[in-house]
Amino acid sequence: MLYLYNTLTKKKQVFKPIKDKLVGLYTCGPTVYSYAHIGNLRTYIFEDILKRVLLYQGYKVKHVMNITDVGHLTSDADTGEDKIEKAAKKTKKSAFEIAEFYTKSFFNDCKKLNILAPDIVAKATDHIKEDIELIKVLEKNNFTYQTSDGIYFDTSKLKDYGKLTGMNFKKLNETLKAGARIELSPEKKNITDFSLWKFSPKNSKRQMEWQSPWKIGFPGWHIECSVINLKYLGKAFKGKKLFPKKAQTIDIHTGGTDLIPIHHTNEIAQVEAVTNKKFVNFWLHGEFLVLKDARMGKSIGNVILIKNLEKLGFSPLAFRYLALNSHYRASLEFSLKALENAQESLNNIYNFVLDCLIDKKKTDKQRSTTLSLKKIEKEFEKSISNDLNTPKALAAFWKLIRDYYQNRNNSKEFYELALKFDKVLGLGLDKIKLITPSKKIKELVKKREQLREIKEWTKADKIRKIIEKSGFLIEDRKEGVIIKPKL
Ligand code: AMP
Ligand code: ZN
């Protein structure tokens, strides 16, 4: 059984897909006007763990992610400039080139972090016709009104608007006003109303704009996610045409906690206003990565990128380990010290896997480890099934490692269980291989041995360094010298 904390019900609930063993999973993708920072990536790691846990439990997953390449304005209140157009203006590149560049960079980072690729990646700019279809139905159902700068959704018309926040309509409006998250434009009827379609500004030409039944313009930020969900998971689009009655409820939708009060709340509004049906069963949200109490944010500018960490000599997977070592619903304070510890832990895990490989030939049939391994496996599985408790799952993994070093036997069983755990953890353990050293390296090892026997420590050490430069480590053990590939 898999328990997941559902933002909608504010409870941990047993997860059950709507259809047999197939799970529809939607994750809000990046806004591609600059590099994804490690805060963003923390959220994508949490979502990757969710997907891997579902796969581990035998579910099939259809994973869809959008790419926000148009319509996200510099404020979440539908004011300011389009983030991508603004970035394009600053450079000599077009808005489309900017979006493509940062999309590539995002997936490159994901690959380095062993984040499994979605089954469908859908760009906002490829779904303008579908956006228009959805807005047309909203208009027909009387949920919209027009201002001088666009078509807006009248949030007072939806009976349970804001339910994801746990607040009623009045309270949510007051809260957003007090938090100054949203400025009330004079023409907006309610502070929570949001744009569905924005008109291009009169006196400047946008690079990304489209004809519409209203005026030339571009979609609001939230419509793309409603549409992409309805199309690829909700099965409510046939070609570009929307059939609201056919819409199916979606199993899981995820994102960072900042998306709850506006983006996700508005996604729900847009869909439920046309389908009259629950949009999503399970809403999961990841907490922030913070730097000394300030949230890391692209618009705040206090960002750290994966390539910055690599330059400092860290492996991207050390960051993944760091992220797994705290629960996704707790905020994670990032520090270089914490990352150093994560890197050390990761190196130790890699060494354990290497040792298992080195010891592989030695299997002690007399001493069964099956019982203790079963216990550890149970502990691991219980942890990941309890709302993705990765810190506890890692603790079970460390138990496995400690157990191994007590007797160093039956390495095959330990190795196989470690790799099974890694199907969820994604630390790249399957990539660790023993390489056979060349004849030259073997000869150097032998020579070093001879020098050590005659106590020529300095000369022996020089040879060790030469060996290390060729990518091998040597370890002196009571059973002899072991040559390991350097990680
Ligand atoms: P964006 O590219 O800004 O649209 O954000 C992409 C994802 O990163 C969203 O799910 C956000 O909620 C999430 N996010 C943004 N900032 C942070 C942060 N500091 N820590 C964790 N997740 C974040
Ligand atoms: Zn979204």
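Our subject is the structure that appears above.
What counts, and at which threshold
- Residues numbered from 1 in each chain as written.
- Chains lettered and ligands numbered in written order.
- Predicted model: local features only at pLDDT ≥ 70, side-chain atom pairs only at ≥ 80, totals over all residues.
- Heavy atoms only, no water.
- Helix = DSSP H or I, 4+ residues; strand = E, 2+ residues; numbered from the N terminus.
- Contact = heavy atoms within 4.5 Å.
- Areas by Shrake-Rupley, 256 points an atom, 1.4 Å probe, with all protein chains shown as cover.
- Lys, Arg positive; Asp, Glu negative; His and termini not counted.
- Charge placed at Lys NZ, Arg CZ, Asp CG, Glu CD.
- Disulfide = S-S within 2.5 Å.
- Buried < 20%, exposed > 50% of the residue type's maximum accessible area, 1.4 Å probe, protein only.
- Polar contact = N/O pair within 3.5 Å; in protein donor to acceptor, adjacent residues only side chain to side chain.
- Pairing = 2+ DSSP bridges.
- Axes fitted to C-alpha atoms, helices over the stretch in contact; angles between N-to-C directions.
- Parallel < 35°, antiparallel > 145°, perpendicular 65-115°, else oblique.
- Nonpolar A, V, L, I, M, F, W, Y, C, P; charged D, E, K, R; others polar.
- Phe/Tyr/Trp six-rings, centres within 6.5 Å; stacked < 30°, edge-to-face > 60°.
- Lys NZ or Arg CZ within 6 Å of the ring centre and 35° of its normal.

(A) Local environment of the overall build of the protein chain. Scanning the protein chain from terminus to terminus reveals 15 helices and 18 strands. C-alpha extents for the protein chain along the principal axes are approximately 90 × 50 × 40 Å. Within the protein chain, contacts between residues separated by at least 24 positions form 74% of all contacts whose residues are at least 6 apart in sequence. As presented, the protein chain carries roughly 23,400 Å² of accessible surface, and 53% of it is formed by carbon and sulfur atoms. Taking the average location of the 90 positive side-chain charges in the protein chain and that of its 58 negative ones, the two points are 3 Å from each other.

(B) Expanded view of the environment of Ile358. One can find Ile358 in helix α10 (residues 336-359). Between the alpha carbons of Ile358 and Lys433 there is a distance of 9.9 Å; along the sequence they are 75 residues apart. Setting aside chain neighbours within four positions, we find Ile358 in contact with Leu434, Arg477, Ile482 and Lys484.

(C) Expanded view of the state of the cysteines. Under the definition given, this model contains 0 disulfides. Of the cysteine sulfurs around Cys110, a residue in no disulfide, the closest is that of Cys28, at 14 Å.

(D) How the structure looks around the side chain of Ser200. Positionally, Ser200 belongs in the loop between β8 (194-199) and β9 (217-219). Given the relative accessible area of 14%, Ser200 is considered buried. Engagement of the side chain of Ser200 in a polar contact is seen with the side chain of Glu209, the distance being 2.5 Å. Filtering out sequence-adjacent residues up to four positions away, Ser200 remains in contact with Arg206, Glu209, Ile216 and Gly217.

(E) Local environment of the sheet that holds strand β5 (residues 120-123). Taken together, 5 strands build an open sheet; the order of strands is β5-β4-β3-β12-β13 and the sheet is parallel. Edge positions in the sheet fall to β5 and β13 (280-286), since each of these pairs with one other strand and no more. If you compare each strand with its neighbour and ignore which way they point, the axes differ by 20 degrees on average. Pairing between strand β12 (residues 250-256) and β13: 6 bridges, direction parallel. From the neighbouring strand, Ile250 faces β13, where its bridge partner is Val280.

(F) Structural context of the packing of helix α1 (residues 38-56) against helix α9 (residues 316-324). In contact at an axis separation of 10 Å, α1 and α9 are set at 70 degrees when each is read in the N-to-C sense. Between α1 and α9, the interaxial angle falls into the category roughly perpendicular. For the pair formed by α1 and α9, the contact residues are Ile38, Leu41, Arg42, Ile45, Asp48, Ile49 and Arg52 on the first element and Phe319, Arg320, Ala323 and Leu324 on the second. Across the contact of α1 with α9, the residue classes tally to 7 nonpolar, no polar and 4 charged.

(G) Highlighting the packing of aromatic side chains. Across all of its chains, the model carries 23 aromatic pairs by this definition. Here Phe15 and Phe282 contribute two aromatic rings whose centre-to-centre distance is 5.2 Å and whose plane-to-plane angle is 75 degrees, an arrangement assigned as edge-to-face. In this pair, Phe15 sits in the loop between β2 (11-14) and β3 (22-27) while Phe282 sits in strand β13, placing the two residues 267 residues apart along the sequence. Taken individually, Phe15 and Phe282 each receive the classification buried, so the pair is uniform in this respect. With a centroid separation of 6.4 Å and an interplanar angle of 55 degrees, the aromatic rings of Tyr56 and Phe380 are classed as tilted. Within this pair, whereas Tyr56 is found in helix α1, its partner Phe380 is found in helix α11 (residues 370-385), the two being separated by 324 residues in sequence. Using a relative accessible area of 0% as the deciding quantity, one classes Phe380 as buried. One aromatic cluster is present, built from ring pairs that chain together Tyr56, Phe352, Phe380, Phe397, Tyr404, Tyr405, Phe414 and Phe421. Sitting over the face of the ring of Tyr5, Arg329 holds its NZ or CZ atom 4.1 Å from the ring centroid.

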